[in-house]
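# Chain and residue survey
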Amino acid sequence: MVETRLIDGKAAAAALRQRVAAAAADLAARYATVPSLAAVLVGEDPASEIYVRSKAKATREAGLAGIEHRLPAATSEAELLRLIDTLNADPAIDGILVQLPLPPQINPQRVIEALDPAKDVDGFHPRNVGRLWSGGEALVPCTPWGALLLLRQAMGALAGADAVVIGRSNIVGKPMAALLLAENCSVTLAHSKSRDLPALARRADILVAAVGRAELVRGTWIKPGAVVIDVGINRLPGEGGKSRLVGDVAFAEAQGIAGAITPVPGGVGPMTIACLLRNTLLAACRRRGLPAPEV
Ligand code: GUN
C-alpha cells in the first residue's frame, strides 16, 4: 500500500498565471505591448459558454486583452471563415481561439486550417501539429501541455518511463503522446479498440486518461506507484437531483495504489486556461519579434 499524493492543479495553474501576468507586465513596461486573444464562440452550448467566459476572465486578470466574438448557432461556415480572415489580418490580435465543438454545418478542420498558424493558440493547425512531432517551434495544445507540467512537477525527469495515454483525440491524446515522446518516454497510445486495455494500463509508470468515460480506469488497472493524470470531466447524476463531476479514473479506487493522481475537479482543468494565457504571450512575442519569456 503506497501513500497516494494529490497533484494540485489549481495551485500549479495559479502559479503559472502569476508568471504569465509578470511577463505581460514586463512586456507592457518595456515595449508598450499588450498580448491580445480573440475567443470565438458559435452557438449556445452551455459548457462552451462557461469555457469561453472563464477564458476571457482569466485573460483580463493576467493583464492580457481579451475579445469575445459570439456568433449565432445558425452561422454559416463562410461567415465564420470571413471572421477568421479578419482576425488573421488584424495586427492587434495575437491569438485566436475557436471554441469546439462547432455546429454541424461547419467543418471544424476547415476552420482550423484557415487560422494563421502564428495565432493558433490552441495548437490545432497542421503546421503546429507537424512542428510538435518534428521538433520545431510550435504552439502546443493547452491541455496536454498543462498535464506535462504537472507530470514534471510530480516526477522530475520523465526519461525512460513507460507512458500509456488512453484516448487518441487531436485535442489531448495525440499531442500528449508527442510531448511524452519528446521527454524520452516509451509511449503507448491506447484507445477504445485496443485489446486488453487494463493490461496495457498496468504497464504504465505514467498513465494519462483522456477518453471522456466516467471512471473507466479502475484501481486494478493502475501499477502500484504510477503517476495518474486524469483529463476526463464527466457529469454524473448526484444526490438531490444535482450532478457531480467525475474523471475518467475511479479516484477512490486509485488511493493507496497510484503514487500520485490529479483530482477532478482541480487537477488538469485549471491548467488548460493557464496554458492558453502562456500560448497567447508566446504568440505575441514571436509575432512581434520580441524575446519570448520562459514561463
Ligand atoms: N473544446 C474542448 N477543449 C477545447 C480546447 O482546448 N480548445 C478549444 N478551442 N475548444 C475546446
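The text that follows walks through the structure, step by step, so that each part is easy to find. (Residues numbered from 1 in each chain as written. Predicted model: local features only at pLDDT ≥ 70, side-chain atom pairs only at ≥ 80, totals over all residues. Heavy atoms only, no water.)

## Observations concerning the overall build of the chain
The line we're drawing: Note on conventions: DSSP H or I runs of at least 4 residues are helices, E runs of at least 2 residues are strands, and numbering of each starts at the N terminus. Any residue under 20% of the maximum accessible area for its type is buried, any over 50% is exposed, and the rest in between are partly exposed; the area is computed with a 1.4 Å probe on protein chains only. Contact definition: two residues touch when any of their heavy atoms are within 4.5 Å. Each accessible area value is a Shrake-Rupley result obtained with a 1.4 Å probe; residue values ignore everything except the protein chains displayed when judging cover. By the counting scheme adopted, Arg and Lys are positive, Glu and Asp are negative, and His together with the chain ends is not counted. For the purpose of locating charges, the reference atoms are NZ of Lys, CZ of Arg, CG of Asp and CD of Glu.
Along the chain, the regular secondary structure elements total ten helices and eleven strands. A principal-axis box enclosing the C-alpha atoms of the chain has dimensions of 55 × 40 × 40 Å. Within the chain, the proportion of its 295 residues that are buried is 50%. Across the chain, every contact between residues at least 6 apart in sequence was considered, and the portion connecting residues at least 24 apart equals 68%. Looking at the chain as shown, the accessible area adds up to about 13500 Å², and 54% of this sits on carbon and sulfur atoms. With 32 positive and 28 negative side-chain charges, the chain shows a separation of 2 Å between the mean positions of the two kinds.

## Things to note about the sheet that holds strand 6 (residues 186-190)
Spelled out, the test is: One requirement defines pairing of two strands: DSSP has to find at least two bridges between them.
The six strands are arranged 1-11-8-7-5-6 in an open sheet whose pairing can be described as parallel. At either margin of the open sheet sits one strand with a lone partner, and together these are strand 1 (5-6) and strand 6. Pairing analysis gives four bridges linking strand 5 (residues 162-166) to strand 7 (residues 206-209), with the strands arranged parallel. If you follow Val164 over to strand 7, its bridge partner there is Leu207.

## Describing the sheet that holds strand 3 (residues 65-71)
For clarity, the threshold we go by: Simply put, an axis is a line fit to the C-alpha atoms, just over the touching stretch for a helix, and the angle between two N-to-C directions goes from 0 to 180 degrees.
Spatially, 3-2-4 is the arrangement adopted by the three strands of the open sheet, whose pairing is parallel. Strands with a single pairing partner mark the edges of an open sheet, and in this sheet they are strand 3 and strand 4 (95-98). Geometrically, the sheet is characterised by an average inter-axis angle of 15° between neighbouring strands, direction not taken into account. Relative to strand 3, strand 2 (residues 36-42) runs parallel, the two sharing seven bridges. In the sheet register, Ala39 faces strand 3, and the bridge partner there is Glu68. Lying over the sheet, helix 2 (residues 46-61) contacts strand 2, strand 3 and strand 4, oriented at roughly 160° with respect to strand 3.

## What about the pairing of strand 8 (residues 227-230)?
By the alternation rule, side chains of strand 8 split into Val227 and Ile229 and Val228 and Asp230, which are all buried. Two strands pair when backbone bridges link them, and strand 7 and strand 8 are joined in this way by four bridges, in the parallel orientation. Within strand 8, the position partnered with Val208 by the bridge is Ile229. Direction of pairing for strand 8 relative to strand 11 (residues 260-261): parallel, over a ladder of two bridges. Of the residues in strand 11, the one forming a bridge with Val227 is Ala260.

## Quick word on the environment of Glu113
As for its placement among the helices and strands, Glu113 is situated in helix 4 (residues 108-114). Other than its neighbours up to four places away in sequence, Glu113 contacts His125 and Pro126.

## Thoughts on helix 7 (residues 173-182)
Summarising burial for helix 7: seven of the ten residues are buried, a large majority. Residues of helix 7 that are buried: Gly173, Pro175, Met176, Ala177, Ala178, Leu179 and Leu180. Those residues of helix 7 hidden inside the fold are in contact with helix 5 (126-134), helix 6 (142-155), strand 5, strand 6 and strand 7. In the segment just after helix 7, Asn184 is the residue with positive phi, at about 70°.

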